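Working through the structure, step by step
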Amino acid sequence: MGKNRRRRNKKWYHRRNSNQDDGSNNNLSEVELILVEKFLSDYRSLAYDVRSRRNGSLHLDAKSLVVGEHMFPSLTDELCSRPYIELPETLSAKDRRKIHALCYQSLDLYHTGIGPKSNRRIAISIYADGFRFIPDEDSESSFCSYTGAYTFPYSTCKPWYYLDKDTTAKRLSEIEDEKQLIHQFVKYPEKSLTYNDGGLHSDSSLNLADMEQLDLSVVKSVEDTTYELIDTVAKLKICVDELRYGHGHNDTNPHTTKLSEIAFDMEMYNQGTAVRTCLIQLTSNTMQKDYIIDPLAAGVWDAISAHLGPLFSDPSILKIGHGIGGMDCSSLHRDFGILVVNAFDTCEASSLLRQSKGGMNLAALCKHYGLQTWEHYCDLKDRFQTTNWCKRPLSSEALEYGRYDVRYLITLRRLLMRDLIKMDMINSVPNGFDIASCYDAASNYDSTSMSESTREQLVSSSSQWSSISESSIANSGHPAEKSDIKMSVEAIISASDLPSFEKFMKAVSISQKRCLKLWAGKEEGESESILRNPSFISMIKQSANKENQRGTYNWTEKNTKLYTELADWRMTVAERESVDVNDVCSLDLLCWVSYKLPQHRSELRRFEYILPALIEDKSLPYFDEMKNIISSMNMARASTDTQFYSLRTKVKEDVDTMFGRKQRKMFIATSVLCIVALILTKRKQ
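Residues numbered from 1 in each chain as written. Predicted model: local features only at pLDDT ≥ 70, side-chain atom pairs only at ≥ 80, totals over all residues. Heavy atoms only, no water.

**Some points on the overall build of the protein**
Regarding its fold elements, the protein presents 28 helices and 13 strands. Buried residues in the protein amount to 49% of all 685 residues. Sequence separation of at least 24 residues holds for 73% of the intrachain contacts in the protein that already meet a minimum separation of 6. Approximately 33700 Å² of the protein is accessible, and the part contributed by carbon and sulfur atoms is 51%. (Helix = DSSP H or I, 4+ residues; strand = E, 2+ residues; numbered from the N terminus. Buried < 20%, exposed > 50% of the residue type's maximum accessible area, 1.4 Å probe, protein only. Contact = heavy atoms within 4.5 Å. Areas by Shrake-Rupley, 256 points an atom, 1.4 Å probe, with all protein chains shown as cover.)

**A closer look at the pattern of salt bridges**
According to the stated counting rule, one finds 24 salt bridges in the structure shown. Asp 108 serves as the salt-bridge partner of Lys 596, at 3.5 Å between the closest nitrogen and oxygen. Placement of Lys 596 in helix α24 (residues 587-596) and of Asp 108 in the loop between α4 (93-107) and β4 (110-114) is noted, with a sequence separation of 488 residues between them. Three or more residues are tied together by salt bridges with common partners; here these are Arg 276, Arg 334, Asp 335 and Asp 583. (Salt bridge = Lys/Arg side-chain N within 4 Å of Asp/Glu carboxyl O.)

**Details of the packing of aromatic side chains**
Counted by the stated rule, this structure contains 21 aromatic pairs. Both rings, one in Phe 264 and one in Phe 312, keep their centres 5.3 Å apart while their planes meet at 90 degrees; by these two values the pair is edge-to-face. Here Phe 264, found in strand β8 (residues 261-271), pairs with Phe 312, found in helix α10 (residues 300-313); they are 48 residues apart in sequence, far enough to count as distant. Neither residue differs from the other here; Phe 264 and Phe 312 are each classed as buried. One aromatic cluster is present, built from ring pairs that chain together Phe 152, Tyr 154, Tyr 269, Trp 301 and Phe 336. Over the ring of Trp 374 we find Lys 367; its NZ or CZ atom is 3.9 Å from the centre of that ring. Positioned above the aromatic ring of Phe 344, the side-chain terminus of Arg 413 is 5.2 Å from the ring centre. (Phe/Tyr/Trp six-rings, centres within 6.5 Å; stacked < 30°, edge-to-face > 60°. Lys NZ or Arg CZ within 6 Å of the ring centre and 35° of its normal.)

**Structural notes on the sheet that holds strand β3 (residues 85-86)**
Taken in spatial order, the 3 strands line up as β3-β5-β4 in an open sheet, and their pairing is antiparallel. The strands lining the two open edges of the sheet, one partner per strand, are β3 and β4. Bridge count between β3 and strand β5 (residues 121-125): 2 bridges; the pairing is antiparallel. Across the sheet, the residue bridging to Glu 86 is Ala 123, located in β5. (Pairing = 2+ DSSP bridges.)

**Focus: the packing of helix α22 (residues 557-577) against α24**
Following both chains from N to C, one finds α22 and α24 inclined at 140 degrees, their axes separated by 9 Å at the closest point. Between α22 and α24, the crossing angle belongs to the class labelled oblique. Viewed along their axes, α22 and α24 form a crossing whose handedness is right-handed. Judged by residue contacts, Asn 559, Leu 562, Tyr 563, Leu 566, Ala 567, Trp 569 and Arg 570 of α22 engage Leu 587, Leu 590, Cys 591, Val 593, Ser 594 and Tyr 595 from α24. Per-class residue counts for the contact of α22 with α24 are 10 nonpolar, 2 polar and 1 charged. (Axes fitted to C-alpha atoms, helices over the stretch in contact; angles between N-to-C directions. Parallel < 35°, antiparallel > 145°, perpendicular 65-115°, else oblique. Left-handed = near helix turned anticlockwise from the far one by under 90°. Nonpolar A, V, L, I, M, F, W, Y, C, P; charged D, E, K, R; others polar.)

**A short note on the side chain of Thr 283**
Structurally, the position occupied by Thr 283 is in strand β9 (residues 274-284). Among the polar contacts made by the side chain of Thr 283, one reaches the side chain of Asp 290 at a distance of 3.2 Å. A distance of 3.3 Å separates polar atoms of two side chains, one belonging to Thr 283 and the other to Arg 407. (Polar contact = N/O pair within 3.5 Å; in protein donor to acceptor, adjacent residues only side chain to side chain.)

**What about the environment of Thr 112?**
By the secondary structure assignment, Thr 112 is in strand β4. According to the relative accessible area criterion, Thr 112 is buried, its value standing at 9%. Placed 495 residues apart in sequence, Thr 112 and Phe 607 show a C-alpha to C-alpha distance of 9.6 Å.

**Some thoughts on unusual backbone geometry**
Note the cis peptide between Arg 392 and Pro 393, where omega equals 0 degrees. Counting through the fold element by element, Pro 393 comes out in the loop between α14 (374-384) and α15 (396-407).

**Points about the confidence of the model for the protein**
When pLDDT is averaged along the protein, the result is 78; 73% of the residues meet or exceed 70. Note on residues 55-59: pLDDT is under 50 here. Beyond four places in sequence and across chains, it has 8 contacts. Segment residues 547-551: pLDDT under 50, and 6 contacts once partners within four positions in sequence are set aside and those in other chains are kept. (pLDDT = per-residue confidence, 0-100.)

Laid out in C-alpha cells, this is it:
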C-alpha cells in the first residue's frame, strides 16, 4: 500500500513539475491576483471620476502595470474615458475566470470575453452599454448583443419531453431499452460488431499492408465535395433517404445501397449553463455529399426526432464522432430524445494510441494523418469554434468549418483501427520472433537493419503516438519507400478476427460508454440539490472566513431563504414556458442575486452581461417577479459605492499584509530586544 502511494505521489510530483516547466501554465499567484484586483479597483475609481469631471481627485500613477508576464495598460484619463478597456491577451483561461469572478463578486464591473480563441481577452467597463462599441470582428465571435439579437429561439424550439404525455411515455420506454443495449456494448464490445462487423462487410477483410498507403490526402476534400443545407422538413426527409440508400433513390428504385457508417458532429449555443443544438452535420459511406441540418429553421426542430432518431438508435449503423462524450450525446438526448447506439469515438481511439488520458483535437489528428489543408482547417477552427451559432444566415466559412468536422471521420476511423490493430499485433509478438515473414514490410521496413530492429520498425507508425502532442505534431508525410523484399504472407484481418485485438476492442468499449454521457433528465434537473451548488457553498465559506477577519461579507439565513425561494421560482417558470430550468437562469446567477439584491437589469449584467432570454425580454414578467421575491424578504440593500470604496481599503490592507508581514515581525522583535536591553541596563546601574 505504501509503495503504491509513493508511486502515485512520484507520478503526481513529476506531472506537477512538468506543468510548471510549461510556459502556458504560468498562472497568476495570489499576490499577483491582489495587484490585478487593485488595478481594476483603481480603474473603476478613475473612470467614475473622469465621467463626473472630477479629474485629479485620485493621484494614480499613470505608468503601466507589469504583473508577471502580463502588461496592463496605463490608467490615464484618456484610457478611462473610453467605453471599455481591454486586459492583456497573455492571460490564461484560468486567470480570465478568476478576473471574471473578481468583477462580479466585489468590484461590480461589467465584464465579458472578446476575440477569437487564439486572441481571447477580457473587456471591462463601468457602463452598462459600453460593450456596444466593441468591433464586430471581436464581438461576433464572443457574445450576442444584449438587446436579444441572435439568441436561441426557446419559444419555437422546445425540448422533446414537453410533447403530449403518451408520446413522451412511449419514448421514455424506448430510451430505457436503448440504454440497456448500450450497457451490453460497453460490457461486451464484441456484441456491437455483430451488428456492423466493425465497419467491414461480412465478406470483406482488412489488409494492413494495403492500408499502409492510406491517408487523408486520398479522401475527397471539403472544397471538392458538394453539400446541402437542410432547412425544411421536406429536405430533411430526402436527406435521410439519401443517407440510407444513396443518391437518386425513389420508391420504384430498389434499395441496393446499405448504410453502415455515418459521421456526425454538432454545433451548440452555449451561454452559461444553457446549452442548445444549433447545427447538425452528417455524412455517410453511401454518399459523397455532406449534409448540414439547421434545427432552428421553421419546423425542422420538431421533425428531427422522428426522422434522425431511427438512424442514431439503429445498432447496425456505426456512428462516428470526435469527442462525443462532451456535449454531443447529452444534447441529442436533451433536445430531441435521441440516443446514440453503437458509436466509435476517434478522440478516445487517439488517446489509446498516444497512451495518455487526453485524445488529440480533430485538426491535429487530421494533420497527423496527412490532410493537406490542415492549416486552413486550424484557421477556421480558431475563428468559428466559439462563434454564435444562433446567428442566421450562417456564413459560407462557418458552414465550411462545420463540414470539416465530419468530412474525414469515416476514413480517420479506418486509419485509427489500422494502428490500434498493429499495436496489438506487435505487443503480442514474443521478443526474437521474426514477424517479417508474416507481414509485408508494412511499417517502413529497412532491409539493412532488419535483424537488429525489426520490432521497433514495425511499431514506427503506432509507437510515435506516445510522444506526440497537439501543439507540436510531426508531419505525417508519406511512408518511406519499401524494401524490394517481398513476403509470401500478408497481414489480413477479417471481421470475425476483430474481437481478438485488445486495443481496438477497448476503443470500441470506451466509445460505447461515452454514449451514456446523457442529460440528467427533466425530473433530476428540477430536483437538483440547490444547497450543493458550488457558488452557494463558496459564498457560505467566504462569508464565514471574512466574517472572522473583517466582517465585510455577510451571508445570513435570509440570504439562504431567498436563494431557495428563487430556485423554486425558477422551476415554476420552466414549467410555465416549457423549457429547461437552465434556460430560465443558472443557480450561480440566483446565488449572486440573493447576495447583491439587484433592482435593475443593468445590475444583473455585472454578473452575466448576456442575460437569459426570459429575463432579458421586457415583455415578459419574470424579472419583475424576481424583484418582488427580493422585496418580500425585507432585506436591506447594501450601497454599491460603499462596497467599492471599502474594497479599496480592503485591497490596500491585503497588499500591506502580504508585503509588510516580515517587516512588522522584525519591528516587534527589535522593540522587545530594546526594552529588554534597557531594563538590564537600568538594573546594572
